[in-house]
Amino acid sequence: MEFFSAYKPAVYRCYGYGRVSRSDIEKARRERDESNSITNQRDLIHDYIAQHPDLKLCMEGYDDNYTGTNFDRPHFQEMMQAMDAGKIDCIVVKDLSRFGRNYLEAGNYIEKIFPLLGVRFIAVADGYDTGTDG
């Protein structure tokens, strides 16, 4: 994380990302809970960014009906390409499970790849932010 700490832009260019799978939708129907819907994820991300002047939403993508067990999702790939092209330097998700359910691979992105590339990662509902000190 030392490289990431060395560079902090005044305003982070954010990609809002969300995902919901068929199994998430079926579970929500059983529990009468729509908190993981794409609309609710988008609203939460927009509200969070609006409350933080150091964040600016530049791009967003939401993979509807895609599993979180792998990262072969169209908007996830778009997000990674935007990161590689230097268009974004922050990723904002509702929570870690919306990013991915393969926790080993998700951890690799969050703890190794993103810091190496100077990309901040925020999981709003989990209170997780790689850009905060301590």
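Preceding block: the structure.
Analysis parameters
- Residues numbered from 1 in each chain as written.
- Predicted model: local features only at pLDDT ≥ 70, side-chain atom pairs only at ≥ 80, totals over all residues.
- Heavy atoms only, no water.
- Core = buried A, V, L, I, M, F, W, Y, C linked by side-chain atoms within 4.5 Å.
- Buried < 20%, exposed > 50% of the residue type's maximum accessible area, 1.4 Å probe, protein only.
- Helix = DSSP H or I, 4+ residues; strand = E, 2+ residues; numbered from the N terminus.
- Contact = heavy atoms within 4.5 Å.
- Expected span 1.5 Å × (residues − 1).
- Bend = angle between axes of the 7 residues up to and from the residue.
- Pairing = 2+ DSSP bridges.
- Axes fitted to C-alpha atoms, helices over the stretch in contact; angles between N-to-C directions.
- Salt bridge = Lys/Arg side-chain N within 4 Å of Asp/Glu carboxyl O.
- Phe/Tyr/Trp six-rings, centres within 6.5 Å; stacked < 30°, edge-to-face > 60°.
- Lys NZ or Arg CZ within 6 Å of the ring centre and 35° of its normal.

J.: For the nonpolar core, give the residues involved together with the corresponding values.
T.: Ranked by internal contacts, the top residues of the largest apolar core, which has 19 residues, are Phe76, Met79, Ile91, Phe99, Phe114 and Phe121. Mapped onto this core, the elements with two or more residues apiece are strand E1 (12-20), helix H4 (74-84), strand E3 (90-93), helix H6 (103-117) and strand E4 (120-123). Ranked by the residues each element gives to this core, the list is headed by H4, at 5 residues. Every residue in contact with Ile91, bar those within four places of it in the chain, is listed here: Tyr15, Met79, Phe114, Val119, Arg120, Phe121 and Ile122. Counting residues in each nonpolar core, the second largest holds 13 residues, with Cys14, Val20, Ile49 and Cys90 among its members.

J.: Can you lay out H6 for me, pointing to particular residues and giving the numbers?
T.: Between its terminal C-alpha atoms H6 stretches 20 Å, which fits the 21 Å expected from 15 residues at 1.5 Å a residue. The largest bend along H6 measures about 35° and falls at Tyr109. Taken together, the buried positions of H6 are occupied by Ala106, Gly107, Tyr109, Ile110, Phe114 and Pro115.

J.: Tell me about the sheet that holds strand E2 (residues 55-64), and please be specific about residues and values.
T.: Strand order in the open sheet formed by 5 strands is E2-E1-E3-E4-E5, with mixed pairing between adjacent strands. On the outer flanks of this sheet lie E2 and strand E5 (128-129), each paired with one strand and no other. Bridge count for E1 against E2 is 9 bridges, and the pairing is parallel. Bridging from a neighbouring strand, Tyr12 pairs with Leu55 of E2. Strand contacts of helix H3 (residues 38-50): E1, E2, E3, E4 and E5, with the helix running at about 170° to E2, the strand carrying the most contacts. Running at roughly 150° to E2, H4 makes contact with E1, E2 and E3 of the sheet.

J.: I'd love a proper account of the pairing of E3, names of residues and values included.
T.: Residues Cys90 and Val92 point to one face of E3 and Ile91 and Val93 to the other, with burial holding for every one of them. Sheet analysis places E1 next to E3, joined by 4 bridges and oriented parallel. Along E3, the bridge assignment pairs Gly16 with Val92.

J.: Could you give an account of the pattern of salt bridges, with specific residues and numbers?
T.: Applying the stated criterion across every chain yields a total of 6 salt bridges. With its nearest N and O atoms 3.3 Å apart, the salt bridge here joins Asp95 to Lys94. Comparing Asp95 with Lys94, the two get one shared label, buried. It is possible to trace a salt-bridge network through shared partners that takes in Asp54, Arg120 and Asp129.

J.: So what about the packing of aromatic side chains? Which residues, and what values?
T.: Across all of its chains, the model carries 12 aromatic pairs by this definition. Judged by centre distance (6.0 Å) and plane angle (80°), the ring pair of Tyr17 and Phe76 falls under edge-to-face. Here Phe76 lies in helix H4 and Tyr17 lies in strand E1, a separation of 59 residues in the sequence. The same class applies to Tyr17 and to Phe76, which are both buried. A ring pair is formed by Phe114 and Phe121, whose centres lie 5.9 Å apart and whose planes are at 25°; its orientation type is stacked. Taken as a pair, Phe114 and Phe121 share a single burial class, namely buried. These aromatic residues form a ring-pair network of at least three members: Tyr17, Phe71, Phe76, Phe99, Tyr109, Phe114, Phe121 and Tyr128. Residue placement shows Arg42 over the ring face of Tyr62; its charged tip is 4.6 Å from the ring centre. In this structure, Arg120 packs its charged tip against the face of Tyr12, placed 4.7 Å from the ring centre.

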